[in-house]
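Notes for the structure review
Residue strings, one per chain:
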Amino acid sequence: MKTKRCRNIGDKDTFSFLDLMMGFAWIEVSFAAFVLIIEEGWYSVTPEIIAQHIAERCRCDVIVDAFCGVGGNSIQFAQYCKKVIAVDIQPEKIKLARHNARIYGVDHKIEFLTGDFLELAPTIKADGVFLSPPWGGPEYNSRKVFDIQKMTPNGYDIFEAASKISSHIAYYLPRMSEHKQLAELAGPGNEVEIEQNFMGKYVKALTAYYGGFIFHPKRKSKKEQTDQIED
């Protein structure tokens, strides 16, 4: 198993509508529309600049956002992929994600599914999978090391379910996640690329890339990377 690390991503001067919201609230965006979020989104949503970067790296025809929440990542994936399959077990989150996607004008590119990803995975066909499962609430931030096997669902089970859809996987996890575990997921002889996601000087999270989502400098263009994923 090989572990790769690449450049840091983030901008301390850039904030999204999702970065600045707390509680069950409304917030106005530039074109006088509104987006919605619930209290959990304050600590669980991916900052928009990071979500955009991940979406650009994971461009393909069809991608699954396996734990879509209120739709922050799905909206960004819709900018780069032909279709997004957004899954969440909570109907209220799906309702908000659908609303937010409509505000961004990308709802026609997203198929929303309400249900348990582990149960739905065998029925889904896609080119790639993005995983951003619940980290266990804000308490995760106090841990020195984050064990993905202690997540609910188990982080290994989540990855196994995703791998039945595609070998091209991006896994968004807390910054203190154990690198050895992420390497183990790749399997013998395979690689994982672990990227630190920064917001200014602060490491917000890690993204582990597998399969065709791993960045290879020898591929000169993003089209070559996308073609490899779709083959």
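Residues numbered from 1 in each chain as written. Predicted model: local features only at pLDDT ≥ 70, side-chain atom pairs only at ≥ 80, totals over all residues. Heavy atoms only, no water.

1. A word on the pairing of strand 8 (residues 169-174)
For strand 8, the buried fraction is high: 6 of the 6 residues fall into the buried class. Bridge count between strand 7 (residues 128-131) and strand 8: 3 bridges; the pairing is parallel. Along strand 8, the bridge assignment pairs Phe 130 with Ala 170. With 6 bridges joining them, strand 8 and strand 10 (residues 202-210) adopt antiparallel strand pairing. Looking at strand 10, one finds that Pro 174 is bridged to Ala 205. (Buried < 20%, exposed > 50% of the residue type's maximum accessible area, 1.4 Å probe, protein only. Helix = DSSP H or I, 4+ residues; strand = E, 2+ residues; numbered from the N terminus. Pairing = 2+ DSSP bridges.)

2. Quick look at the nonpolar core
Counting 62 residues, the largest nonpolar core has Ile 63, Val 64, Phe 117, Val 129, Leu 131, Tyr 171 and Tyr 210 as the members making the most contacts within it. When residues no more than four places from it in sequence are discounted, the contact partners of Val 64 are Ile 85, Val 87, Phe 117, Ile 124, Ala 126, Gly 128, Val 129 and Phe 130. (Core = buried A, V, L, I, M, F, W, Y, C linked by side-chain atoms within 4.5 Å. Contact = heavy atoms within 4.5 Å.)

3. Some remarks on the pattern of salt bridges
The tally for this structure, following the rule as stated, stands at 4 salt bridges. A salt bridge links Glu 193 to Arg 57, with the nearest nitrogen and oxygen atoms 2.8 Å apart. One end of the pair, Glu 193, is in strand 9 (residues 191-199); the other, Arg 57, is in helix 2 (residues 48-57), with 136 residues separating them in the sequence. Neither Glu 193 nor Arg 57 differs from the other in exposure class; each is buried. We note a salt bridge from Asp 61 to Lys 82, for which the minimum N-O separation is 3.5 Å. In this pair, Asp 61 is assigned in the loop between helix 2 and strand 4 (62-65) and Lys 82 in the loop between helix 3 (72-80) and strand 5 (83-88), connecting sequence segments 21 residues apart. (Salt bridge = Lys/Arg side-chain N within 4 Å of Asp/Glu carboxyl O.)

4. Overview of unusual backbone geometry
Most peptide bonds adopt trans geometry, and most residues besides glycine take a negative phi value. Looking along the chain, the bond that leaves Thr 152 and enters Pro 153 is cis, with omega of 0°. Considering the arrangement of structural elements, one finds Pro 153 in the loop between strand 7 and helix 6 (155-163).

5. Let's talk about the packing of aromatic side chains
Evaluation of the coordinates by the stated rule reveals 6 aromatic pairs. Ring centres of Phe 159 and Tyr 210 lie 4.7 Å apart, and the angle between their planes is 65°; this geometry places the pair in the edge-to-face category. Separated by 51 residues along the polypeptide, Phe 159 in helix 6 and Tyr 210 in strand 10 bring together distant segments of the chain. For the residue pair Phe 159 and Tyr 210, the accessibility class agrees, reading buried in each case. Members of the aromatic cluster, connected to one another through ring pairs, are Phe 77, Phe 130, Trp 135 and Tyr 172. (Phe/Tyr/Trp six-rings, centres within 6.5 Å; stacked < 30°, edge-to-face > 60°.)

6. Here's the deal with the pairing of strand 6 (residues 110-114)
Pairing of strand 5 with strand 6 involves 5 bridges; the strand directions are parallel. When the bridges of strand 6 are listed, Ile 85 appears paired with Glu 111. With helix 4 (residues 91-103) bridging strand 5 and its parallel neighbour strand 6, the resulting β-α-β unit is right-handed. (Right-handed = clockwise from strand over helix to strand, strands pointing away.)

7. Description of helix 7 (residues 179-186)
For helix 7, the full list of buried residues reads Gln 181, Leu 182, Ala 183, Leu 185 and Ala 186. Looking one or two places after helix 7, you find Gly 187, whose phi comes out positive at around 90°.

8. Some words on the environment of Glu 111
Relative to the helices and strands, Glu 111 is located in strand 6. Among the residues examined, Glu 111 registers a relative accessible area of 31% and is labelled partly exposed. C-alpha separation for the pair Glu 111 and Ile 85, spaced 26 residues apart in sequence, amounts to 4.8 Å. Residues within four places of Glu 111 in sequence aside, it is in contact with Lys 83, Val 84, Ile 85 and Ala 86.

9. A few points about the confidence of the model for the chain
Per-residue pLDDT for the chain has a mean of 82; in total, 72% of the residues score no lower than 70. Per-residue pLDDT stays below 50 along residues 5-33; that stretch engages in 76 contacts with residues further than four places along the chain or on separate chains. (pLDDT = per-residue confidence, 0-100.)

10. Concerning the packing of helix 2 against helix 3
Running from amino to carboxyl end, helix 2 crosses helix 3 at an angle of 40°, the nearest separation of the two axes being 8 Å. Between helix 2 and helix 3, the angle falls in the class oblique. At the point where helix 2 passes helix 3, the crossing takes the right-handed sense. Between helix 2 and helix 3, the residues in contact are Glu 48, Ala 51, Gln 52, Ile 54, Ala 55 and Glu 56 and Gly 72, Asn 73, Gln 76, Phe 77 and Tyr 80, respectively. (Axes fitted to C-alpha atoms, helices over the stretch in contact; angles between N-to-C directions. Parallel < 35°, antiparallel > 145°, perpendicular 65-115°, else oblique. Left-handed = near helix turned anticlockwise from the far one by under 90°.)

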